[in-house]
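Structural overview for review
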Amino acid sequence: MKTPRIQEFLRTRFGCQVELATNGIAAIRQLSGGKFALVISDIRMPEMGGIELYRWLREMQPAAARRFVFITGHP
């Protein structure tokens, strides 16, 4: 699998440790198990989209929800 450009950019330019999730449900599993400085989420994902993920995060981890960024490749 090819490394997404944003992941490579954050790693090489800023030295960030980046974890990927293929959908919102996978992201919840990762977010439940650790602390993250920033969450970047596509709005459109399979199984659970970014808006639903943000709502979950706002309810379950309000401090992390304040460090949430939406992105999308869709027009």
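Everything below is about the structure shown above.
The following paragraphs examine the structure supplied in this document. (Residues numbered from 1 in each chain as written. Predicted model: local features only at pLDDT ≥ 70, side-chain atom pairs only at ≥ 80, totals over all residues. Heavy atoms only, no water.)

1. Quick notes on the packing of aromatic side chains
Selection criterion: Side-chain rings of Phe, Tyr and Trp (the six-membered ring for Trp) are treated as a pair once their centres are within 6.5 Å; stacked means planes under 30 degrees apart, edge-to-face means over 60, and tilted covers the remaining angles. Relative accessible area decides the class of each residue, using a 1.4 Å probe on protein chains only: under 20% of the type maximum gives buried, over 50% gives exposed, and in between gives partly exposed.
Following the criterion strictly, the structure yields 4 aromatic pairs and no others. Relative to phenylalanine 14, the ring of phenylalanine 9 lies with its centre 5.6 Å away and its plane at 75°, an arrangement referred to as edge-to-face. Here phenylalanine 14 falls in the exposed class, since its relative accessible area comes to 57%. Their ring planes at 65° and their centres at 4.9 Å tell us that phenylalanine 68 and phenylalanine 70 sit as a pair that is edge-to-face. Among the residues examined, phenylalanine 68 registers a relative accessible area of 12% and is labelled buried. The partly exposed category is assigned to phenylalanine 70, whose relative accessible area is 35%. Members of the aromatic cluster, each reached through a chain of ring pairs, are Tyr54, Phe68 and Phe70.

2. A word on the side chain of asparagine 23
Quick note on the threshold: Put simply, DSSP marks the helices as runs of H or I at least four residues long and the strands as runs of E at least two long, and each gets a number from the N terminus on. In protein, a polar contact means a hydrogen-donor-capable atom and an acceptor-capable atom, both N or O and within 3.5 Å, with residues adjacent in sequence counting only if both atoms are side-chain atoms; elsewhere, any N or O pair within 3.5 Å suffices. By the convention used here, residues are in contact when the closest approach between their heavy atoms is within 4.5 Å.
Here asparagine 23 shows up in the loop between helix 1 (5-14) and helix 2 (24-32). In terms of polar contacts, asparagine 23 uses its side chain to reach the side chain of glutamate 47, at 3.2 Å. Apart from residues lying up to four places away in sequence, asparagine 23 is in contact with Met45, Pro46, Glu47 and Met48.

3. Describing the nonpolar core
Inside soluble globular proteins, nonpolar side chains tend to come together where they are buried. To keep things clear, this is the line we draw: Here, nonpolar core means buried Ala, Val, Leu, Ile, Met, Phe, Trp, Tyr and Cys residues that are tied together by side-chain atoms lying within 4.5 Å of each other.
Counting residues in each nonpolar core, the largest one holds 10 residues, listed as Ala27, Ile28, Leu31, Val39, Met48, Leu53, Leu57, Ala64, Ala65 and Phe68. Mapped onto this core, the elements with two or more residues apiece are helix 2, helix 3 (50-60) and helix 4 (62-65). Residues contacting leucine 31, with those up to four places away along its chain left out, are Phe36, Val39, Leu53, Trp56, Leu57 and Gln61.

These values are about where atoms sit, not about what they do.
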